[in-house]
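Chain and residue survey
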Amino acid sequence: MVTSEYDTIIETKAISKTYSENGVPVHALTHVDLTIRRGEFTAIVGPSGSGKTTLLNVISGLDTPTSGEVWLSGELLSAMSGRRLSDFRRDHIGFIFQAYNLIPVLSVEENIDYIMLLQGVPKTERHRRVADILKQVGLAGYENRRPPKLSGGQQQRVAVARAMVSKPSLILADEPTANLDSKTGAGLLDMMRELNRQTGMTFIFSTHDELVIRKARRLVTLQDGTIVHDEARS
Amino acid sequence: MWIYFKLAWRNLFRNKRRSFIAGTAIGLGLAALIFTDALIIGMNENMIQSATASFLGEGQIHRKGFRQTQSVEATINGLDDVVADLKKEPIVRHFTLRVMNLGMISSAANFSAVELVGIQPETEAAVSQVDEAIIRGSFFSGPNDHDIVIGSKLADLLEVGLGDRVVVTVSEARTGDLSQEMFRVSGITRFNIREMDAGMAFIRLIKAQQIFGIPDNVHEIAIQFTGSQYGGDESLPFWEKYSQNGNEALGWTKICSELKAALDLSDFSTLLIGAVLFGVVALGIVNTLFMSLYERMFEFGVLRAVGTRPFGVAKLILCEAGALAVLSILLGNSIGFIVTAAVGKMGIDYSGIEWAGVTFRRLIYPVMEMRQFVIYPSWTFLLTIIVGIYPAVYAAKLSPATAIRKSL
């Protein structure tokens, strides 16, 4: 596939990832070539152990491939230092995890604020952006609540807000609806789809959820660490 | 940086029970160190007090060489000038003159070697505790210059009691002729120091000067200073000033060097106890931080994932170590203060027990000093931060994916 520098946000070139589990090598990914364009709303699907989470980790630089290259927004991740990679993730990638992963000792506002604090965004600007994003995810008025006082759906909305507040170009969501009931999950997906349409952010999900699969504009199917199907939808 | 302090402080109270147990363990170590230090200071002061106040005095002046030879002829040079100068010294509270000679004391039943000491009862009572050590009779209360005060063990050996007669034989200065004099026992002392109870006898200074053949001369001036710190200060100009004209002036650290060595050993013991306590505390801190780290592995993975730099994670762990240290110091200082104050009120009874040649004669009271509540907590804080470096580096080196995977 040939894509222009401006269209392509992710390009993996023959990436493989092998773990050692109790001394036994496990091939989580095998020669995966994947190109994602800006603004895509992509779901990576496949059975458990097919390599979905590993692929997201490698794409985001949370993990390093055993071989192959990952290019993100035109930059080769393996060429970056740990510190540079941290800054790059902070500025370009938003994460949404299955288990919400909010910092329980920080309030909703502080959780969302954290990344902007790392970025050095001025306080007034941070405050404004937190208020805006909380309104967008329907949690205005919840600023001072601590995560344990929120429902699962509300926590995942905060996680979405945290992922988006720094205006990253890419959102990676690992099973974001797995712990939510179908109604809450659908609402969350609609919200993310709407944000995708409004802002042009790229969304990549790893999921089993039929709901996510139905909403995705592109479906990449992994099996035993290899892409076996890649389908774009209108 | 503020966010790390905030996170650390709140994380400390996330698992209140564990933080409290860890903080108490560290705090108890600190409290033990504060108490031990206070006790050792109290014990040292007690020993110094016992050693110097019993008889030695906090400082002494002799003719140079007298302490080694005990020669009767070795009297203080220029005594009148020395006495006149001492009277003008602002740091000298009291001093007393003494003469001493080795001799023999005999009764109808027995005889023994003895150190016969000539004293001025009035000034002696101000410098030493010979008068307080009287268990029977009196301390030269009458005008009789043939009164003698002897130690209890010596009295037992001689089989004498109050009013009984004893004969003292000493050699005179210069001629070496033997001089004999009869005395009547007017007082019996007990210092609980074997050498004093079995081997010393006190008579009036003038009488002693007469039978020793050294009229108007003395062998020793025992001094009590206005502050206990002077006697132990070897750099005090006082010593040099009075170590002139063939005399030597010495503080108790030189006169009683074995006591000084014992006190140095106490200081070393404090250091050793401190090192052991801090070692135990250090392991506790590392354990607590690692438990906390493993429990929240996912969180650290998330923090790294959202862009926290490795050093940022390390800073967070160090802040948590610091927060734990602050909690521990608050607990440790409080426990240390309460325990030391309580024991300081009651005292510890070691009286009669001898150590390093000194018999404890009074209750030992731990001595609290501001330093104990500033220096030791500062060490605790510093130590906590230092040992926190290990888990901090471990956390900083964690791959975010590994951290997230480990906790799943």
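Every value quoted in this text rests on a predicted model; they were computed, and no experiment measured them.

Concerning the overall build of chain B
Secondary structure summary: chain B contains 16 helices and 12 strands in total. The dimensions of chain B, computed from C-alpha atoms along their principal axes, are 100 × 45 × 30 Å. Within the span of chain B, comprising 408 residues, buried residues form 54% of the whole. For chain B, the accessible surface area stands at approximately 18300 Å², while carbon and sulfur atoms represent 60% of it. The averaged location of the 38 negative side-chain charges in chain B is 18 Å from the averaged location of its 36 positive side-chain charges.

Re the sheet that holds strand β6 (residues 93–96) of chain A
Residues and elements named next belong to chain A. Strand order across the open sheet formed by 6 strands is β6-β7-β8-β3-β9-β10, with mixed pairing between neighbours. One side of each edge strand has no neighbouring strand; the edge strands of this open sheet are β6 and β10 (226–232). Neighbour to neighbour, the strand axes of the sheet diverge by 15° on average, direction disregarded. Direction of pairing for β6 relative to strand β7 (residues 170–174): parallel, over a ladder of 4 bridges. Paired with phenylalanine 95 across the bridge in β7 is leucine 172. Sheet contacts for helix α1 (residues 52–60): β3 (41–45), β6, β7, β8 (202–207) and β9 (218–223); angle to β7, the most-contacted strand, approximately 155°. Strands in contact with helix α2 (residues 82–92) are β6 and β7; relative to β6, the strand with the most contacts, it is inclined by about 80°.

A few points about the interface of chain A and chain B
Taken residue by residue, the interface counts 25 residues in chain A and 23 residues in chain B. Of the roughly 2200 Å² buried between chain A and chain B on both sides combined, carbon and sulfur atoms contribute 63%. It is A:Leu62, A:Val105 and A:Tyr114 that lose the most area in chain A upon contact with chain B, and together they represent 25% of the buried surface on that side. Across the pair A:Glu110 and B:Arg10 runs a salt bridge, and its minimum N-O distance is 2.6 Å. Inspection of the region where chain A meets chain B yields 9 residue pairs in polar contact (both at pLDDT 80 or more).

A few points about the domain arrangement of chain B
Residues and elements named next belong to chain B. Domains assigned within chain B are domain 1 (2–51 + 260–406) and domain 2 (59–231). Facing 4 residues of domain 1, the contacting portion of domain 2 comprises 7 residues. The three residues of domain 1 that bury the most area against domain 2 are Thr359, Arg361 and Arg362, which together make up 70% of that side's buried surface. For the pair domain 1 and domain 2, the interface holds 0 salt bridges. For the side of domain 1 that touches domain 2, the residue count by class is no nonpolar, 2 polar and 2 charged.

Observations regarding the packing of aromatic side chains
Enumeration according to the criterion identifies 20 aromatic pairs over all chains in this entry. Centre to centre, the rings of B:Phe238 and B:Trp239 are 5.2 Å apart; their planes meet at 90°, and the pair counts as edge-to-face. The pair B:Phe238 / B:Trp239 is uniform in exposure class, with both members buried. An angle of 40° between the planes, with centres 4.6 Å apart, marks the rings of B:Phe238 and B:Tyr242 as tilted. Highlighted residues: B:Phe238 and B:Tyr242, both in helix α10 (residues 237–242), separated by 4 residues, approximately one helical turn. Here B:Phe238 and B:Tyr242 have matching classes, each one buried. Linked through ring pairs, B:Phe225, B:Tyr230, B:Phe238, B:Trp239 and B:Tyr242 together constitute an aromatic cluster. Geometry around A:Phe41 places A:Arg193 over its ring, the cationic atom sitting 5.2 Å from the centre. Directly above the aromatic system of B:Phe55 lies the positively charged group of B:Arg98, at a separation of 3.8 Å from the ring centroid.

Describing the sheet that holds strand β4 (residues 67–72) of chain A
All names here are of chain A. Within the open sheet, the 4 strands sit side by side as β2-β1-β4-β5. Their pairing is antiparallel. At either margin of the open sheet sits one strand with a lone partner, and together these are β2 (24–37) and β5 (75–76). Bridging between β4 and β5 involves 2 bridges; their strand directions are antiparallel. Its bridge partner lying in β5, leucine 72 is registered against glutamate 75.

Observations concerning a nonpolar patch on the surface
Among the surface-exposed residues, B:Leu265, B:Phe268, B:Leu271, B:Leu272, B:Trp355, B:Met370, B:Val374, B:Ile375 and B:Trp379 lie close enough to one another that they form a single nonpolar patch of about 920 Å² accessible area. In this fold, B:Leu271 is placed in helix α12 (residues 257–295).

Examining the side chain of A:Arg89
Topologically, A:Arg89 is positioned in helix α2. In this structure the side chain of A:Arg89 is engaged in a polar contact, spanning 3.1 Å, whose partner is the backbone oxygen of A:Gly61. Sequence-distant contacts of A:Arg89, defined by excluding residues within four places in its chain, comprise A:Ser60, A:Gly61, A:Leu62, A:Phe95, B:Arg304, B:Ala305 and B:Pro400.

So, how was this worked out
Residues numbered from 1 in each chain as written. Chains lettered and ligands numbered in written order. Predicted model: local features only at pLDDT ≥ 70, side-chain atom pairs only at ≥ 80, totals over all residues. Heavy atoms only, no water. Helix = DSSP H or I, 4+ residues; strand = E, 2+ residues; numbered from the N terminus. Buried < 20%, exposed > 50% of the residue type's maximum accessible area, 1.4 Å probe, protein only. Areas by Shrake-Rupley, 256 points an atom, 1.4 Å probe, with all protein chains shown as cover. Lys, Arg positive; Asp, Glu negative; His and termini not counted. Charge placed at Lys NZ, Arg CZ, Asp CG, Glu CD. Pairing = 2+ DSSP bridges. Axes fitted to C-alpha atoms, helices over the stretch in contact; angles between N-to-C directions. Contact = heavy atoms within 4.5 Å. Buried area = accessible area lost by both parts, 1.4 Å probe. Salt bridge = Lys/Arg side-chain N within 4 Å of Asp/Glu carboxyl O. Polar contact = N/O pair within 3.5 Å; in protein donor to acceptor, adjacent residues only side chain to side chain. Domains from an automatic or database assignment. Nonpolar A, V, L, I, M, F, W, Y, C, P; charged D, E, K, R; others polar. Phe/Tyr/Trp six-rings, centres within 6.5 Å; stacked < 30°, edge-to-face > 60°. Lys NZ or Arg CZ within 6 Å of the ring centre and 35° of its normal. Patch = residues over 30% accessible without salt bridge, like charges linked within 9 Å, V, L, I, M, F, W, Y side chains within 5 Å.

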